Amino acid sequence: MNDGHAPGAPGGPGNGHRALHDLVMAATVRIHRAGAGYALDEPGTFLGSGFFIAPNWVLTCAHVVRSGEGDEVTVVYETGPGRGTSAVAGVVATALPDHVGLPVRGTWPSPDLALVRLSEPVDHDCAYVTERPAAYYEEAVVLYSGWSVVGGELRRLSGTCTVQGTLGGWSDDEQIRLGGDVLPPGVSGGPVVDPVRGEVVGVLKSRADRGLGGTCTGVEQLRSLPVPAEEPRAEHDDSYQAVFHAHDRYHRDRQRHPDTDRSTWADVQNQLGARPGRALSPEERTQLLGRLADLPPPVSTRALLGLLESLLGDQTAIPHPAPRGWRDGLGALYENSRQDAALDLVLDYAMRAMSAERPFVTPGTQAAERALWEWVRQTAEG
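An account of the accompanying structure is given in this report. (Residues numbered from 1 in each chain as written. Predicted model: local features only at pLDDT ≥ 70, side-chain atom pairs only at ≥ 80, totals over all residues. Heavy atoms only, no water.)

Right, let's get into the pattern of salt bridges. Here the structure, examined in full by the defined rule, presents 19 salt bridges. Across the salt bridge formed by D238 and R324, the nearest N and O atoms sit 2.9 Å from each other. Pair noted here: D238 is in the loop between β12 (214–218) and α3 (239–256) and R324 is in the loop between α6 (301–312) and α7 (326–336), with a separation of 86 residues, a long-range link. Here D238 and R324 have matching classes, each one buried. Taking the shortest distance from any N to any O, the salt bridge between D248 and R327 comes out at 3.0 Å. Of this pair, D248 sits in helix α3 while R327 sits in helix α7; the two residues are 79 residues apart in sequence, bridging distant segments of the chain. Salt bridges sharing partners connect three or more residues here, namely E131, R132, D194, R197, E199 and R285. (Salt bridge = Lys/Arg side-chain N within 4 Å of Asp/Glu carboxyl O. Helix = DSSP H or I, 4+ residues; strand = E, 2+ residues; numbered from the N terminus. Buried < 20%, exposed > 50% of the residue type's maximum accessible area, 1.4 Å probe, protein only.)

Structure, rendered in structure tokens:
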């Protein structure tokens, strides 16, 4: 176990990696059984870890929230540097897979993910989640954070693990194998972070039965959340779109109106030298995703795939699970474009998203289209 900095990462454990560590830890939460009347530091109610993926949304493991009673949990989060913790009630909005009874320990089926929606809004930090599928993840070291019981007390932990390959195939049960550090009980549900690009790529799932490491689930497995049975009439009709649109708007707004004494995720990604898709700066990527999130989502996955194929050709390698949102399409675009055409493709993609068929239209749709067009114009001129 160490302080969460990535030894040997480009630039060394400098300011960018220290700032990334702070951002990750600020977004990491712990999950307790529901109910009032107990101290926040009571280990007996502790279920596991999680992290804020969007305002008032927590991503964790299904086996963490299903080890409690019913669909209600308590989320304990950091209220700010040096200001301690607070608690808020939450409800399990969806789990993958759903309707699973408590299995034998360590055998919870994949993808083992759950989204918890807070019962009331609170002020908190959110992690930045990659738009790329984990299949394209190539770094040798990842960071993780979570909570565990150490010496009878709840303690927040972080560390580094090595990526040792995958477990499973091109299906919903594929996992990333991790080694190199002891993952203590309780860290399941915590974020796994690419320290080079400065973004969350997975969720800790399980510890190794013997020895070091364990497994994590790529965040793209959330794409396998159930699609609404009926055509959505509003963003909140589809949990996947609602969560990631809120995620992208949050980071866009934080970049527009940053706190004077705190770095944003895009600030830190810039310090790390990240260059999303070789075409955009972290700030440009954040602004583009925020504008795409103001649009209604693609009318269907089939339509989104058709748009990508029209840009990249029918030999395009489409990741699994298939992309569902505008951000997913952008991530697929990164991995299938040559360096000299990357920016042209991003701008063309944004234009096609702006004029695509809509599953529904909101009062703000036209303004969102104009804002996206303005971003394309300014970026092209720049």
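There is more to say, and it comes next.
Moving on, we get to the nonpolar core. I53, L59, L222, L288, L292 and Y349 are the most contacted members of the largest nonpolar core, which has 78 residues in total. In terms of residue count, the dominant contributor to this core is helix α8 (residues 342–354) (8 residues). Residues within four places of L222 in sequence aside, it is in contact with I53, L59, L96, L113, L115, Y240, F244 and R324. Grouped together as the second largest cluster of nonpolar side chains are 11 residues, Y144, I176, V187 and L204 included. (Core = buried A, V, L, I, M, F, W, Y, C linked by side-chain atoms within 4.5 Å. Contact = heavy atoms within 4.5 Å.)

On to the pairing of strand β1 (residues 28–33). For β1, the buried fraction is high: 5 of the 6 residues fall into the buried class. The sheet contact formed by β1 and strand β2 (residues 46–54) spans 5 bridges and is antiparallel. The partner of R30 across the bridge, within β2, is S49. Both β1 and strand β4 (residues 72–78) contribute to a ladder of 4 bridges, which runs antiparallel. Within β4, the position partnered with R33 by the bridge is V73. (Pairing = 2+ DSSP bridges.)

Turning to the packing of helix α5 (residues 282–293) against α7, a few remarks are in order. Where α5 meets α7, the closest approach of the two axes is 9 Å, and the angle between their N-to-C directions is 140 degrees. Comparing the axis directions of α5 and α7 gives the class oblique. Every residue of α7 that contacts α5 at R285, L288, L289 and L292 is listed here: W326, R327, L330 and Y334. (Axes fitted to C-alpha atoms, helices over the stretch in contact; angles between N-to-C directions. Parallel < 35°, antiparallel > 145°, perpendicular 65-115°, else oblique.)

Taken in spatial order, the 6 strands close into a barrel running β1-β2-β3-β6-β5-β4, and their pairing is antiparallel. Averaged over all pairs of adjacent strands, the angle between strand axes in this sheet comes to 40 degrees, irrespective of strand direction. When strand β3 (residues 57–60) meets strand β6 (residues 113–118), the two strands line up antiparallel, connected through 4 bridges. Bridged to T60 within β6 is A114. Against the sheet, helix α1 (residues 15–27) makes contact with β1, β2 and β4, and its axis sits at roughly 20 degrees relative to β1, the strand it touches most.

Right, let's get into the sheet that holds β12. Ordered by their spatial adjacency, 6 strands build a closed barrel running β7-β8-β9-β12-β11-β10, and the pairing between neighbours is antiparallel. Across the sheet, the mean angle separating the axes of adjacent strands is 40 degrees when strand polarity is ignored. Relative to strand β9 (residues 175–179), strand β8 (residues 153–167) is paired through 5 bridges, and the arrangement is antiparallel. The partner of L167 across the bridge, within β9, is Q175.

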